[in-house]
Amino acid sequence: MKKFQLLSKLFLVAFVGAFLVSASPAFAVKQFYDEFKEVYVNNGKLDAGAVAKAKCNLCHEGKSKKNKNAYGELLDALLDRKKDAKNPEKIRQALAKVESEKSPSGVTYGEIFKEGKLP
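Below is a short write-up of the structure. Just so it is clear, the model here is predicted, and its values are computed rather than measured.

Thresholds, definitions, all that
- Residues numbered from 1 in each chain as written.
- Predicted model: local features only at pLDDT ≥ 70, side-chain atom pairs only at ≥ 80, totals over all residues.
- Heavy atoms only, no water.
- Helix = DSSP H or I, 4+ residues; strand = E, 2+ residues; numbered from the N terminus.
- Buried < 20%, exposed > 50% of the residue type's maximum accessible area, 1.4 Å probe, protein only.
- Core = buried A, V, L, I, M, F, W, Y, C linked by side-chain atoms within 4.5 Å.
- Contact = heavy atoms within 4.5 Å.
- Phe/Tyr/Trp six-rings, centres within 6.5 Å; stacked < 30°, edge-to-face > 60°.

Negative phi is the rule for most residues except glycine; trans is the rule for most peptide bonds. Phi is positive for Lys55, which is not a glycine, with a value near 40°. Here Lys55 shows up in the loop between α3 (48–54) and α4 (70–78). For Lys55, a relative accessible area of 47% gives the class partly exposed.

Okay, the nonpolar core next. Phe36, Tyr40, Tyr71, Leu95 and Phe113 are the most contacted members of the largest nonpolar core, which totals 22 residues. Of all elements in the fold, only α2 (30–42), α3, α4, α5 (88–99) and α6 (109–114) reach the threshold of two or more residues within this core. A total of six residues in this core trace back to one element, the largest contributor, which is α2. Setting aside chain neighbours within four positions, we find Phe36 in contact with Val41, Leu46, Val51, Leu58, Tyr71, Leu95, Phe113 and Pro119.

For the rest of this paragraph, the subject is the packing of aromatic side chains. Enumeration over the complete set of coordinates arrives at six aromatic pairs. Connected via pairs of aromatic rings, a cluster forms that spans Phe36, Tyr40, Tyr71, Tyr109 and Phe113.

As structure tokens, this is what we get:
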């Protein structure tokens, strides 16, 4: 009986440990994504389905969420994910500022969004 209890406790500890090790942190900030949707989907020309499909890849690229695309790098320079997550006005200001920046293709992000395209 004691052997069974010991094994079950050991199994539980191993399971919890494996869960904690495998859980990866989320680098995308939900509030940033929500403000992006509000500005460019609800009040703009972007397709809700395309934005929902892109989700984190609006700003991130690759398999690691630590990797940001050019648009994400520009926003990252203006926003602190911890300090600014609860500041919708600052998020919108950053989004507006990045609109005037040129994308790798040479056109501004504002022009890209007006065409209904994603960054």
